[in-house]
Amino acid sequence: MSGASPDIEDNSTLADRVFRGLQDDIVRGVWAPGSRLGEAELAGHYGVSRGPLREAIRRLESRKLLERMPHVGARVAELSFDHLIELYHVREALEGMACRLAAARMSDDEVAGLVSVLEQHEQQQDIREDVAYFQQEGDLDFHYRIIQGSHNDSLVRMLIGELYHLVRMYRYQFSTTSNRPQKALREHRGIVEALQARDGEMAEWLMRRHISRARENIEAQAGEQARGARDEERGARS
């Protein structure tokens, strides 16, 4: 009788479980960008052997969320501040274009699906408490759905390519600013209303403004962190 053995199936299931858990923890900042992750530590944390863990790490490397370091192990990937801001400028232009196209090209069912996604987001406890805005990947991600709805293969490749998951991590971690989750949700609703009205010009403008505000939020947080570091340095010298 052909087919995979139970042990192989079990290892595959374990690898899937640790992959999903580790990916969500990276996106949520449980493991911060740049953190070094030893196999023994991860195996103990997620309750798996090293076989399934290594498969999960390999998959996360392919998503650019982990980097393999010789003689050290895995490290959570990170972007420099300048690179991150550059990517947000690119997102503002390209996702604005995607939103304009989506207003004309998304089917009624696709728009209805986007409304359903926002309804699910509204039920999240973190959003209700205005402390974070976590979006699962793919079809549960508001931005992903709109990019797909542009029906432009070039935009899809550029915006949902190798940096998608890394950018998603930063999107989440910088959404934990006070009052930002609720504001982002309101901005999402406005974008959907423009899509429902098939108003491409308004949809593009709202998306560009939404991403611009997210970038400004990142810049403000970075400025606060830099000031805090300078204050600590001055305090240490005094």
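Counting starts from 1 at the beginning of each chain's written sequence and moves along it residue by residue. Since the coordinates come from a predicted model, pLDDT governs what is reported: local features require at least 70, and pairs of side-chain atoms require 80 or more to be given and counted, while whole-chain, interface and lining totals use all residues. Side-chain numbers come from the whole structure's heavy atoms, not from hydrogens or water.

Engineer: Describe the packing of helix α5 (residues 108-122) against helix α10 (residues 180-196), listing the residues and the values that go with them.
Structural biologist: Two quantities define a packed helix pair, namely the angle between the axes and the distance from one axis to the other. Close contact between α5 and α10 brings their axes to 10 Å; oriented N to C, the two are set at 165°. It follows from the interaxial angle that α5 and α10 lie roughly antiparallel. The way α5 lies across α10 gives a crossing that is left-handed. Mapping the contact onto sequence places V111, L114, V115, L118, H121 and E122 in α5 and L185, H188, R189, V192, L195 and Q196 in α10. Broken down by class, the residue content of the contact of α5 with α10 amounts to seven nonpolar, three polar and two charged. To obtain an axis, a line is fitted to C-alpha atoms, over the contacting stretch when the element is a helix, and the angle between two such axes runs from 0 to 180 degrees between their N-to-C directions. In this description a helix means any DSSP run of H or I spanning at least four residues, a strand means any run of E spanning at least two, and both kinds are numbered starting from the N terminus. Reported orientations rely on four angle classes, namely roughly parallel under 35 degrees, roughly antiparallel over 145, roughly perpendicular from 65 to 115, and oblique for the rest. Definitions for this section: a left-handed crossing has its near helix turned counterclockwise from the far helix by less than a right angle. A right-handed crossing has that turn clockwise. The contact rule is simple, with two residues in contact once any of their heavy atoms fall within 4.5 Å. Side-chain classes follow a simple rule in which Ala, Val, Leu, Ile, Met, Phe, Trp, Tyr, Cys and Pro form the nonpolar group, Asp, Glu, Lys and Arg form the charged group, and the remainder, Gly included, forms the polar group.

Engineer: Got a sec to walk through the packing of helix α2 (residues 39-46) against helix α3 (residues 50-62)? Specific residues and values, please.
Structural biologist: Between α2 and α3, whose axes approach to 10 Å, the crossing angle comes to 105°. Comparing the axis directions of α2 and α3 gives the class roughly perpendicular. For the pair formed by α2 and α3, the contact residues are E39, A40, L42 and A43 on the first element and R50, L53, R54 and I57 on the second. Its residues placed into classes, the contact of α2 with α3 shows five nonpolar, no polar and three charged.

Engineer: Explain the packing of aromatic side chains to me, and be specific about the residues and the numbers.
Structural biologist: Only rings of Phe, Tyr and Trp enter the pairing, Trp through its six-membered ring, and a pair is recorded when the two centres are within 6.5 Å. The plane angle decides the type: under 30 degrees is stacked, over 60 is edge-to-face, the rest tilted. According to the stated counting rule, one finds three aromatic pairs in the structure shown. Between F134 and Y172, the aromatic rings sit 5.4 Å apart at their centres with planes inclined by 90°, giving edge-to-face as the arrangement. Note that F134 is positioned in the loop between α6 (125-128) and α7 (142-149) and Y172 in helix α9 (residues 164-173), a separation of 38 residues in sequence. Burial classes follow relative accessibility: with a 1.4 Å probe on protein chains only, a residue under 20% of its type's maximum area counts as buried, one over 50% as exposed, and anything between as partly exposed. For F134, a relative accessible area of 5% translates into the label buried.

Engineer: Account for the pairing of strand β2 (residues 66-69), naming residues and giving values.
Structural biologist: Put simply, side chains in a regular strand alternate between the two faces of the sheet. At least two bridges found by DSSP between two strands are what make those strands a pair. Examined bridge by bridge, β2 and strand β3 (residues 73-76) share four bridges and lie antiparallel to one another. Bridging from a neighbouring strand, R68 pairs with A74 of β3. Where β2 folds back on β3, the antiparallel hairpin that results is connected by three residues, among which H71 adopts a positive phi of roughly 65°.

Engineer: I'd like a description of the sheet that holds β3, backed by residues and values.
Structural biologist: Here we have three strands laid out as an open sheet, ordered β1-β3-β2, and antiparallel in their pairing. At either end of the open sheet lies a strand with only one pairing partner, and these are β1 (36-37) and β2. The pairing of β1 with β3 spans two bridges and is classified as antiparallel. Bridged to R36 within β3 is R75. Each of β2 and β3 is contacted by α3, which is oriented at about 110° to β2, the strand it contacts most.

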